[in-house]
Amino acid sequence: MAVIAAFAGSAIGLGNIWRFPYLVGENGGAAFILLYIGFTLFLSLPIFLAESAIGRSQQVNCRAAVSFLVPGRAGKWFGFLLVLTPLWVVSYYSVVGGWSLDYLIRAVSLDFVRSTPEQLSGSFERFISHPWVPVLFHLGFLGATAAVVAFGVKSGIEKFCKWSIPTLFILIVLIAVYSLTLPGAGKGVEYLLKPDFSKVTAHTFIDALGQSFFSLSLGSGIVITYSSYVKKSENLMVAGVGTALSDLSFALLAGFSIIPAVFSAGIEPGAGPTLIFDTLPFIFSNLAQHAPILSALASILFFVAIFIAALTSSISLLEVGIAYLTEDKGFRRGWACVLLFVLCGAFGTLCSLSFGPLSQARLMGLSLFDFADSAASNVFMVLGSLISVILAGWVIPRSELFRELTNGGTQHANARLFPAVRFLIRYVAPLGILALILSSLI
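Rules of the game
Residues numbered from 1 in each chain as written. Predicted model: local features only at pLDDT ≥ 70, side-chain atom pairs only at ≥ 80, totals over all residues. Heavy atoms only, no water. Axes fitted to C-alpha atoms, helices over the stretch in contact; angles between N-to-C directions. Helix = DSSP H or I, 4+ residues; strand = E, 2+ residues; numbered from the N terminus. Parallel < 35°, antiparallel > 145°, perpendicular 65-115°, else oblique. Left-handed = near helix turned anticlockwise from the far one by under 90°. Contact = heavy atoms within 4.5 Å. Nonpolar A, V, L, I, M, F, W, Y, C, P; charged D, E, K, R; others polar. 1 Å grid on protein atoms, 1.4 Å probe; cavity = no way out; pocket = protein on both sides within 12 Å on 5 of 7 lines; lining within 4 Å. Points joined across faces, edges and corners; volume = space filled by probe spheres on them. Buried < 20%, exposed > 50% of the residue type's maximum accessible area, 1.4 Å probe, protein only. Polar contact = N/O pair within 3.5 Å; in protein donor to acceptor, adjacent residues only side chain to side chain. Phe/Tyr/Trp six-rings, centres within 6.5 Å; stacked < 30°, edge-to-face > 60°. Lys NZ or Arg CZ within 6 Å of the ring centre and 35° of its normal. Core = buried A, V, L, I, M, F, W, Y, C linked by side-chain atoms within 4.5 Å.

A. Examining the packing of helix α1 (residues 2-11) against helix α14 (residues 236-264) more closely. α14 packs onto α1 with a crossing angle of 40 degrees between their chain directions and a minimal axis gap of 9 Å. On the basis of the axis angle, α1 is oblique to α14. When you trace α1 past α14, the crossing you get is right-handed. In this structure, α1 contributes Val-3, Ile-4, Phe-7, Ala-8 and Ala-11 to the contact, and α14 contributes Val-238, Ala-239, Gly-242, Thr-243, Ser-246 and Asp-247. Taken together, the residues that form the contact of α1 with α14 break down as seven nonpolar, three polar and one charged.

B. Structural context of the layout of surface pockets. Taken as a whole, the largest pocket spans an internal volume of roughly 700 Å³. What lines the largest pocket is a set of 25 residues, among which Leu-366, Ser-374, Ala-375, Ser-377 and Asn-378 lie closest to the centre. Breaking the lining of the largest pocket down by element, the ones donating at least two residues are α2 (14-26), α12 (202-215), α18 (368-395) and α20 (412-441). Ranked by residues supplied to the lining of the largest pocket, first place goes to α18 with 10 residues. Counted by class, the lining of the largest pocket contains 13 nonpolar, seven polar and five charged residues.

C. Structural detail: helix α4 (residues 62-69). Summarising burial for α4: seven of the eight residues are buried, a large majority. Taken residue by residue, α4 has Cys-62, Arg-63, Ala-64, Ala-65, Val-66, Ser-67 and Leu-69 as its buried positions. Elements in contact with the buried residues of α4: α3 (30-58), α5 (73-108), α13 (222-227), α16 (292-328) and α18. Where α4 begins, the side chain of Asn-61 points an oxygen toward the backbone nitrogen of Arg-63, at a separation of 3.1 Å.

D. Seen up close, the packing of aromatic side chains. Tallying each qualifying case throughout the model produces 28 aromatic pairs. Ring centres 6.4 Å apart and planes at 65 degrees place the aromatic pair Phe-39 and Phe-205 in the edge-to-face group. You can see Phe-39 sitting in helix α3 and its partner Phe-205 sitting in helix α12, a full 166 residues away along the chain. With a centroid separation of 4.8 Å and an interplanar angle of 50 degrees, the aromatic rings of Trp-88 and Phe-347 are classed as tilted. Taken together, the residues Trp-88 in helix α5 and Phe-347 in helix α17 (residues 333-353) connect sequence positions 259 residues apart. Accessibility expressed as a relative area gives 25% for Phe-347, which makes it partly exposed. Through a chain of ring-to-ring contacts, three or more aromatic side chains come together here, namely Tyr-92, Trp-99, Tyr-103, Phe-112, Phe-124, Tyr-178, Phe-277, Phe-284, Phe-303, Phe-355 and Phe-369. Sitting over the ring of Tyr-103, Arg-106 keeps its end group 5.0 Å from the ring centre. Of note, Arg-426 hangs over the ring of Trp-394, and the distance from its end group to the ring centre comes to 3.7 Å.

E. Up close: the environment of Ala-392. Structurally, Ala-392 is set in helix α18. In the structure, Ala-392 is positioned 34 residues away from Arg-426 in sequence and 7.8 Å away in space, judged by C-alpha atoms. Ignoring sequence-local partners within four residues, the contact set of Ala-392 consists of Ala-50, Ile-54, Leu-401 and Ile-425.

F. Structural view of the nonpolar core. Core analysis: the biggest nonpolar cluster contains 143 residues, and Ile-17, Trp-18, Tyr-92, Phe-303 and Leu-405 have the highest contact counts within it. Looking at this core, the element that brings in the most residues is α16, giving 17 residues. Once residues lying within four places of it in the same chain are set aside, the contact partners of Phe-303 are Tyr-103, Leu-104, Ala-107, Phe-112 and Phe-284.

G. Local environment of the environment of Val-320. Here Val-320 shows up in helix α16. The spacing of Val-320 and Leu-82 is 238 residues in sequence and 8.4 Å in space, taken between C-alpha atoms.

This is the structure in structure tokens:
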């Protein structure tokens, strides 16, 4: 359970509670959800198992593991890509984490209860466009992440995930129940359950597969790094299935927490990345006119859930770089955390300023924040996943892959499933990834 909690902690985060609902809104609802579930079970889960087998078989950080399996300069560059990707992600991810920290403080101070919907109008845009306040929250969130990671895997990450993940599930269930009781929420439920395949485009497939990769932290070195800490007695296949199901369950709960509330408020579900920060304060403000205590409690619970979800994932992202610096470069864990805080904080600051002073700066037609997100989910993670499945399916000997995924053949159910899993890793996953790359280019 500790292994599943740690893996689920890396998977469950803002990818579910912030990114998933707005992608559902942009891609027509239920049809996107069906694609997302299918991609997660038949493509992302085999990639997850491939990466976990690589990590535990080598028992070193992701760069060293890839360098050992692919000798020469190519292996070093492939391994470095897996180290760079999570650090790239945590840099802009902590910007959104800073937003969640600000909104949590506002919820605790009863700002949403005391303000009218008119007063809240445009408040999020004013906040993110401020020249320095969002930067301070971004650095505060990144500092909290570094503080947890500094305590190590057992004392820091594992203990945090053991209590935070169950708490997060309880909170999101309570929020979903509340959201479903709002007037007009039925339209949101129908949007989530009734597929409209006429709205499915090639972009829908790309978003669904990209979200599946992003949510399970694939191609970012996280699964390889965490698996290197897992004992040989643990059942990797059960841990992988448990992580994927936990991630799917939480994403669906997040959808049912947010989309019905959005429809209740009469907000356009395709509002984009700012969906939950733009709309939910209006829900709490309107509720406060009839039930102020319930509104205060609901707003605090919701933004506590968002903050915890953000922190569980940012911890796993930063740990990849920490493992590389401590194992390969001889850094002490504390100094490694300080170094990465400075580097990621600087890049994240630029991403944060792209909503304000640097709003006119463009890379390939995108803002710095959007460019960072697009490069991570559509390029870096995709390439990292392709490297992982090629290594697990074609480089690692079949006997070694069998040993890792079946505990040396002692897990008989795993042994029976192994041929199908290996087929998915060797053939289906690489073809799916290549299809995603081609679709993105087109």
